[in-house]
Amino acid sequence: MHLTIFTPLLACIVFSWALAEDFSGPGQIRTLDVRENNQDLGCLTSKGKWTTVESLCGEFYAQRVGSNNEFRLSSTGGGSCGIDGVTFKCGIQSGIFGTWGTEGPVSGREVVRYGAYGLMEGSGNSPPDAKDEAVEIHFSTGNEGGKAVWLGWKAL
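Just so it is clear, the structure is predicted and the values come from calculations on it, not from any experiment.

The next point concerns the pairing of strand β1 (residues 25-33). Most of β1 is tucked away: 8 of the 9 residues are buried. Here β1 pairs with strand β4 (residues 60-65) via 3 bridges, running antiparallel. Looking across to β4, one finds that Pro26 is bridged to Tyr61. Looking at chain direction, β1 and strand β11 (residues 148-155) are connected through 7 bridges and run antiparallel. Bridged to Gly27 within β11 is Ala155. As defined by bridge partners, β1 adjoins strand β2 (residues 40-44) across 2 bridges and the pair is classed as antiparallel. Of the residues in β2, the one forming a bridge with Arg30 is Cys43.

This is the structure in structure tokens:
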């Protein structure tokens, strides 16, 4: 009898959780190692640069457009975000990003893609040391020598 009372409530909670989306509303963009169990290696600043200093993490706003897997990004203080050549930047013309859904390269999480590309890497020393300046992040060619990352979402 007690199970009957809690079953609808539990179903409601599970259903609400299942509908939650990454890259929707306010959040941070987190850099997730492609290896090592997708370890969090820092975040992007409001200008779209990779840092390991938590106090420099930018606040982003993602607005879903078109299909459920497409969105626009902007950052507080940085403006619209897009891809300049192969580099992620904010303060430029907005691009439409997407995800592969939760069935993509990071199981159970959405990660940024731009067209068919998504694997990113930092310029120079990446991930940057806490004492270093934030570095630009761009699509990986596999030749840079830094850590390759996916860009994930942390809702705020």
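Structure shown, so let's carry the discussion forward.
Quick look at the nonpolar core now. Note on soluble globular proteins: their nonpolar side chains tend to be buried together. The biggest cluster of nonpolar side chains holds 22 residues, and the ones touching the most others in it are Ile29, Leu44, Phe60, Leu73, Phe88, Ile137 and Leu151. It is β11 that contributes the most residues to this core, 3 residues altogether.

Now for the pattern of salt bridges. Counted under the stated rule, the structure contains 8 salt bridges. Across the pair Asp33 and Lys147 runs a salt bridge whose closest N-O atoms are separated by 3.2 Å. Taken together, the residues Asp33 in strand β1 and Lys147 in the loop between β10 (137-139) and β11 connect sequence positions 114 residues apart. With a relative accessible area of 1%, Asp33 lands in the buried category.

About the thresholds
- Residues numbered from 1 in each chain as written.
- Predicted model: local features only at pLDDT ≥ 70, side-chain atom pairs only at ≥ 80, totals over all residues.
- Heavy atoms only, no water.
- Buried < 20%, exposed > 50% of the residue type's maximum accessible area, 1.4 Å probe, protein only.
- Helix = DSSP H or I, 4+ residues; strand = E, 2+ residues; numbered from the N terminus.
- Pairing = 2+ DSSP bridges.
- Core = buried A, V, L, I, M, F, W, Y, C linked by side-chain atoms within 4.5 Å.
- Salt bridge = Lys/Arg side-chain N within 4 Å of Asp/Glu carboxyl O.

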